[in-house]
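Coordinate analysis (summary)
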Amino acid sequence: MKAQEGMSDLAAIRLAYESGSDREIKGTNAEIGYNQWEIRTPVFFKEAGDWKFAAGVRYQSTDLDFTDLMELDEDRLHSLDLAFFLSKKSSDTLDWLFLFNPTLAGDYENTDKDAFNFLTIGGAKWKQSDHLQWIFGAVYTTGIGDDLFVPALGLIWEPSDWSSLVIAGPIIQYSYQLSDSLALKLGAQFVGNRWNTEATYGGILEERNLRYRSYRISAKLQWSFDDDHSVFAGAGYDFAGELEIESPGSIRDRDVENGGVFEIGYQYQF
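Residues numbered from 1 in each chain as written. Predicted model: local features only at pLDDT ≥ 70, side-chain atom pairs only at ≥ 80, totals over all residues. Heavy atoms only, no water.

Some words on the pairing of strand S2 (residues 31-48)
Selection rule: A strand pair is defined by DSSP finding two or more bridges across the two strands. Numbering of helices and strands runs from the N terminus; a helix is a DSSP stretch of H or I covering at least four residues, while a strand is a stretch of E covering at least two.
In this sheet, S2 lies alongside strand S1 (residues 12-24) in antiparallel orientation, the contact comprising nine bridges. From the neighbouring strand, Arg23 faces S2, where its bridge partner is Ile32. Here S1 folds back onto S2, and the loop between the two strands holds six residues, one of which, Gly27, carries a positive phi near 85°. Where S2 meets strand S3 (residues 51-66), 16 bridges bridge the pair, whose relative direction is antiparallel. Directly across from Tyr34, in S3, lies its bridge partner Leu64.

Listed below in structure tokens is the structure:
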């Protein structure tokens, strides 16, 4: 979900606010919605010969609106990501790529190893022509339930100076430059997070894990008012939503109704 976007964001400072509409949790009388603030910033970049190394950090603060407090009695969750990206140029047409993204996500009250998970991507980028590059690799993630390992195939296609298309597994991003300062960006990708929480349920202090994810299609306009600074606003639609709550002795899976999302923000590009 975050891989391709994360690589490009290692060279930018990004501030954003996102709001997701209230959505019914199927099979219950409860709803879930959220408001989220996010900041991303690069922290390191080094280039030595054919090697490149970059690191960045992302922090999210999520105000969760969960109407059934017996299922999850939390209203503020946090997530801190550290992204480490390494590449080696093997030839004029071949680059080797590696991304490691550990995350610490939860209510940050009694944080332990259960709040830690990570994403790892390894692969290669092969340049077929000046306009077309292919991506080959694999993705491994950890979290609630089974860990996931899947092969990945994608491409970066730039049919003109004004447009580009990136496909990396389930991530699809299309960008079209409407003018020198205005760009339209269309996307489709998985969104969501995993959090470790601790709260009192029925008078008993209990640890619970929460995963909330869906697949999003979105459109965004970005206006660059000079070479480095830009603002953006966009809207999206989430579907195939899933909510998973793991408590001692049980894991409860629920589908979530479709819903809309709105985002605004600012970006400084190095």
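Some words on the packing of aromatic side chains
So the rule is basically this: Note on aromatic pairs: the rings of Phe, Tyr and Trp (six-membered ring only in Trp) are paired at centre separations within 6.5 Å, and the planes decide the class, stacked below 30 degrees, edge-to-face beyond 60, tilted for the rest. Three labels apply to residues, based on accessible area from a 1.4 Å probe with only protein chains included: buried if under 20% of the type maximum, exposed if over 50%, partly exposed otherwise in between.
The final tally for this structure, using the stated rule, is nine aromatic pairs. Here the aromatic rings of Tyr17 and Trp37 are separated by 4.8 Å at their centres, their planes lie at 50°, and the arrangement is tilted. Linking Tyr17 in strand S1 with Trp37 in strand S2, this pair joins segments that are 20 residues apart in sequence. Taking relative accessible area as the criterion, Tyr17 reaches 22% and is therefore assigned partly exposed. Residue class for Trp37 comes out exposed when judged on its relative accessible area of 53%. Measuring from ring centre to ring centre gives 6.3 Å for Phe116 and Phe118, while their planes differ by 45°; the resulting arrangement is tilted. For Phe116, a relative accessible area of 42% puts it in the partly exposed group.

Examining a nonpolar patch on the surface
Rules: Residues with no salt bridge and a relative accessible area higher than 30% make up the patches, which join like charges within 9 Å and nonpolar side chains (Val, Leu, Ile, Met, Phe, Trp, Tyr) within 5 Å. Each accessible area value is a Shrake-Rupley result obtained with a 1.4 Å probe; residue values ignore everything except the protein chains displayed when judging cover. Each salt bridge in this description consists of a side-chain nitrogen of Lys or Arg and a carboxyl oxygen of Asp or Glu lying within 4 Å of one another.
A contiguous nonpolar surface patch, about 540 Å² in accessible area, is contributed by Trp162, Tyr174, Tyr176, Leu178, Leu186 and Leu221. By secondary structure assignment, the location of Leu178 is in the loop between strand S10 (171-177) and strand S11 (182-201). A relative accessible area of 45% means that Leu178 is categorised as partly exposed.

Some points on the pattern of salt bridges
All told, the structure shown has 15 salt bridges when counted by the stated rule. As a salt-bridge pair, Arg14 and Glu38 come within 2.7 Å of each other at their nearest N and O atoms. Residue Arg14 is located in strand S1, and its partner Glu38 is located in strand S2; the two are separated by 24 residues in the primary sequence. Like Arg14, the residue Glu38 is buried in the burial classification.

Details of the environment of Gln177
The test is simple: By definition, residues are in contact when any of their heavy atoms lie within 4.5 Å. Between N or O atoms, a polar contact is any pair within 3.5 Å; within protein, one atom must be a potential hydrogen donor and the other a potential acceptor, and residues adjacent in sequence are included only when both atoms are from side chains.
If you trace the backbone, Gln177 turns up in strand S10. The spatial distance from the C-alpha of Gln177 to the C-alpha of Trp162 is 4.9 Å, given a sequence separation of 15 residues. Excluding residues within four positions of it along the chain, Gln177 makes contact with Trp162, Leu182 and Ala183. Polar side-chain contacts of Gln177 include one of 2.9 Å to the backbone oxygen of Ser179.

These results come straight from atomic positions and should not be treated as a statement about function.
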